[in-house]
Amino acid sequence: ESECPEFIFQRAYMQGMAATRTMSNLKRPYTKAELDLAHRSYAEAVYLQGLEPNRPEPYVLQAQILAVLKEPRRARQAIEKAIALDPKNDFAYIRLAMIQLDCDKDVESAEASLDKAMELNPKSKWAWLWKGIVALEFKSDFAAARENCRKALELDPKFDLAHYNLAWALASGKDKDYGLARAELKKALAVNPDYKEAFYAMGMFYGYEDNYTVANVWMDKAICLDAKFLPAQKWRGIICGEMRQYEEAIKSFDAAIHLDPMNADLYVRNAKMYAALGKVAEAKRDLNFALELDPNNKRSVLYLGNLEKDDVKAIALYDRALQVDDRYDEAYAAKAQALARQKRFVEARAAIDKAIEVTNDKPERFEKIKKRIVNLMEAAR
């Protein structure tokens with residue numbers, strides 16, 4: 001028997017939406033196979049349009065795929081067509097909000113679209129979820145993010161995405177609570193055992209508490225689900241570095257570089273691990289390549305200075321980093337130490353004072369350097 005046309009329509013629509021969700025969460029450049037999947041999904045959306053030209057779903061799907069393919073103008077045209085066909089389609093307004101956020105970075109318009117979706121359907125779990133995401137990621141309003149995600153969960157207690165975003169909201173702000181955040185991630189994993197982002201987030205939360213051994217286990221679980229999951233590979237490298245497992249860290253950073261070979265930050269992080277192993281040539285190779293990719297990468301210049309045996313050359317590199325960012329605390333601190341080794345104590349004192357003045361993170365780490373420089377100044381008198 002031939003399949004029911006409505007069944008064919010719904011199956012193609014759901015498959016296309018699943019493909020766009022997968023690609024929207026990759027956090028890395030697409031592979032050829034993934035681009036082929038996106039183009040096949042778009043072809044299916046056009047096919048659906050031919051089957052049912054007056055239904056909004058094919059245009060909603062087209063809009064999502066075009067957004068994934070970084071074609072914002074065509075994506076907006078498609079979603080606007082869906083809304084024109086069905087002005088009461090709340091889901092179309094939610095998709096419009098996503099395009100406004102992802103492509104336009106227009107938070108105000110996105111919020112207006114979400115408000116319209118909620119006006120049409122006050123029980124839309126997706127609208128409450130996205131209001132939570134906007135509050136979390138674009139406004140840093142963590143209380144509102146928590147409230148909105150909880151409202152989504154009141155509508156659907158098994159809404160894995162809402163549990164996941166609520167977890168991040170609970171792990172953010174001055175009143176963060178990693179225990180409550182992890183409890184939400186476990187709820188998300190109970191609904192969706194293959195939720196790699198939840199495993200990754202669990203690893204992040206343990207890492208934030210400096211429990212690197214446990215954090216690494218969770219990152220490994222995320223990577224087991226998807227070896228191409230770039231954030232997990234990168235953060236596994238960072239965690240291994242904190243544990244002084246430098247060879248393991250390099251393995252993870254190499255895997256991350258394979259996934260995103262034009263990402264300067266990954267080469268800088270890899271170089272730090274090589275430097276920790278005493279492999280200066282390899283470290284300099286990666287730092288210089290990072291500068292080829294991003295000439296204004298201040299960390300590359302700082303670390304090259306740290307590897308330089310000649311203090312005069314090192315100071316020149318620190319000054320170069322400070323030309324990129326005149327509030328770069330680590331560069332001031334490194335310069336202060338190099339100046340002190342040259343017995344240029346007045347300049348060294350000024351540099352370390354500047355590091356303490358501009359830093360936003362643990363100024364006490366520079367106080368030890370300052371004390372050492374002051375002691376050297378007094379001894380030299």
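The structure we're discussing is the one just above.
What counts and what doesn't
- Residues numbered from 1 in each chain as written.
- Predicted model: local features only at pLDDT ≥ 70, side-chain atom pairs only at ≥ 80, totals over all residues.
- Heavy atoms only, no water.
- Helix = DSSP H or I, 4+ residues; strand = E, 2+ residues; numbered from the N terminus.
- Contact = heavy atoms within 4.5 Å.
- Patch = residues over 30% accessible without salt bridge, like charges linked within 9 Å, V, L, I, M, F, W, Y side chains within 5 Å.
- Areas by Shrake-Rupley, 256 points an atom, 1.4 Å probe, with all protein chains shown as cover.
- Salt bridge = Lys/Arg side-chain N within 4 Å of Asp/Glu carboxyl O.
- Lys, Arg positive; Asp, Glu negative; His and termini not counted.
- Charge placed at Lys NZ, Arg CZ, Asp CG, Glu CD.
- Buried < 20%, exposed > 50% of the residue type's maximum accessible area, 1.4 Å probe, protein only.
- 1 Å grid on protein atoms, 1.4 Å probe; cavity = no way out; pocket = protein on both sides within 12 Å on 5 of 7 lines; lining within 4 Å.
- Points joined across faces, edges and corners; volume = space filled by probe spheres on them.
- Nonpolar A, V, L, I, M, F, W, Y, C, P; charged D, E, K, R; others polar.
- Polar contact = N/O pair within 3.5 Å; in protein donor to acceptor, adjacent residues only side chain to side chain.
- Expected span 1.5 Å × (residues − 1).
- Arc of directions from axis to C-beta.
- Core = buried A, V, L, I, M, F, W, Y, C linked by side-chain atoms within 4.5 Å.
- Axes fitted to C-alpha atoms, helices over the stretch in contact; angles between N-to-C directions.
- Parallel < 35°, antiparallel > 145°, perpendicular 65-115°, else oblique.
- Left-handed = near helix turned anticlockwise from the far one by under 90°.

Colleague: Before we move on, could you go through the environment of Phe91 and cite the residues and values that matter?
Modeller: Inspection of the secondary structure puts Phe91 in helix α5 (residues 90-102). As for Phe91 and Lys368, which are separated by 277 residues in sequence, their C-alpha atoms are 57 Å apart. If near-sequence neighbours (up to four positions away) are discounted, Phe91 is found in contact with Tyr13, Met17, Val60 and Trp126.

Colleague: Can you tell me about a negative patch on the surface, naming the residues and giving the values?
Modeller: On the surface, a cluster of negative charge is made up of Glu330, Asp361, Glu364 and Glu367. Relative to the helices and strands, Asp361 resides in the loop between α20 (345-358) and α21 (364-380). Overall, the relative accessible area of 42% leaves Asp361 in the partly exposed class.

Colleague: Describe the layout of surface pockets, with residues and values.
Modeller: Of the pockets and cavities examined, the largest pocket occupies roughly 1,500 Å³. Around the largest pocket, the lining comprises 45 residues; the ones closest to its centre are Arg21, Ser24, Asn25, Lys27 and Trp130. Among the secondary structure elements, those contributing two or more residues to the lining of the largest pocket are α1 (5-24), α3 (57-68), α5, α7 (125-138), α9 (160-170) and α11 (196-208). If one sorts the elements of the lining of the largest pocket by residue count, α1 sits on top with 8 residues. The residue makeup of the lining of the largest pocket, split by class, is 28 nonpolar, 6 polar and 11 charged. Lining the second largest pocket we find 14 residues, and of these Ile238, Glu242, Arg269, Lys272 and Glu330 sit closest to its centre. A class-by-class count of the residues in the lining of the second largest pocket yields 4 nonpolar, 2 polar and 8 charged.

Colleague: If you had to explain the side chain of Asn89 to someone new, which residues and values would you point to?
Modeller: Secondary-structure assignment places Asn89 in the loop between α4 (72-85) and α5. In terms of polar contacts, Asn89 uses its side chain to reach the backbone amide nitrogen of Phe91, at 3.1 Å. Within the structure, Asn89 has its side chain in polar contact with the backbone nitrogen of Ala92 (distance 2.9 Å). Once residues lying within four places of it in the same chain are set aside, the contact partners of Asn89 are Pro56 and Leu120.

Colleague: Give a detailed account of α21, specifying residues and quantitative values.
Modeller: With 17 residues, α21 should reach 24 Å at 1.5 Å per residue; the first-to-last C-alpha distance of 25 Å fits that figure. Regarding α21, the residues found buried are Phe366, Ile369, Ile373 and Met377. One side of α21 holds all its buried residues, which, seen down the axis, span an arc of 80°. The outward face of α21, more than 90 degrees from its buried face, is lined by the exposed residues Lys368, Lys371 and Ala379.

Colleague: Tell me about the nonpolar core, and name the residues and values.
Modeller: One finds Trp130, Trp168, Leu185, Tyr200 and Phe205 to be the most contacted residues of the largest nonpolar core, which totals 82 residues. Discounting residues that sit within four places of it in the chain, Leu185 has contacts with Tyr164, Ala167, Ala198, Ala201, Met202 and Phe205. Counting 51 residues, the second largest nonpolar core, distinct from the first, contains Ile238, Ala331, Phe366 and Met377.

Colleague: Let's hear about the side chain of Ser113: which residues, and what values?
Modeller: As for its placement among the helices and strands, Ser113 is situated in helix α6 (residues 107-120). For Ser113, a relative accessible area of 7% corresponds to the buried category. What Ser113 contacts, discounting residues up to four positions off in sequence, is Tyr93, Leu96, Ala97 and Gln100.

Colleague: So what's going on with the packing of helix α19 (residues 329-341) against α21? Which residues, and what values?
Modeller: The interhelical angle for the contact between α19 and α21, taken along N-to-C directions, is 20°, at an axis separation of 11 Å. It follows from the interaxial angle that α19 and α21 lie roughly parallel. Viewed along their axes, α19 and α21 form a crossing whose handedness is left-handed. Within the contact between the two elements, α19 uses Asp329, Glu330, Ala333, Ala336, Gln337 and Ala340 and α21 uses Arg365, Phe366, Ile369, Arg372, Ile373 and Leu376. Looking at the contact of α19 with α21, its residues break down into 7 nonpolar, 1 polar and 4 charged.

Colleague: Can you tell me about the pattern of salt bridges, naming the residues and giving the values?
Modeller: The final tally for this structure, using the stated rule, is 30 salt bridges. Between Lys234 and Asp265 there is a salt bridge, with its nearest N and O atoms 3.2 Å apart. With a gap of 31 residues between them, Lys234 in helix α13 (residues 230-242) and Asp265 in helix α15 (residues 264-276) connect regions that are remote in the sequence. Here Arg349 makes a salt bridge to Asp353, at a shortest N to O gap of 3.2 Å. Placement of both Arg349 and Asp353 in helix α20 is noted, with a separation of 4 residues, approximately one turn of the helix. Three or more residues are tied together by salt bridges with common partners; here these are Asp220, Arg236, Glu248 and Lys251.

Colleague: Can you explain unusual backbone geometry? Please cite residues and give values.
Modeller: Located in the positive-phi region is Ser140, a residue other than glycine, with phi close to 50°. As for its placement among the helices and strands, Ser140 is situated in the loop between α7 and α8 (142-155). The backbone of Arg244 shows a phi angle near 65°, a positive value even though the residue is not glycine. On the secondary structure map, Arg244 appears in the loop between α13 and α14 (246-259).

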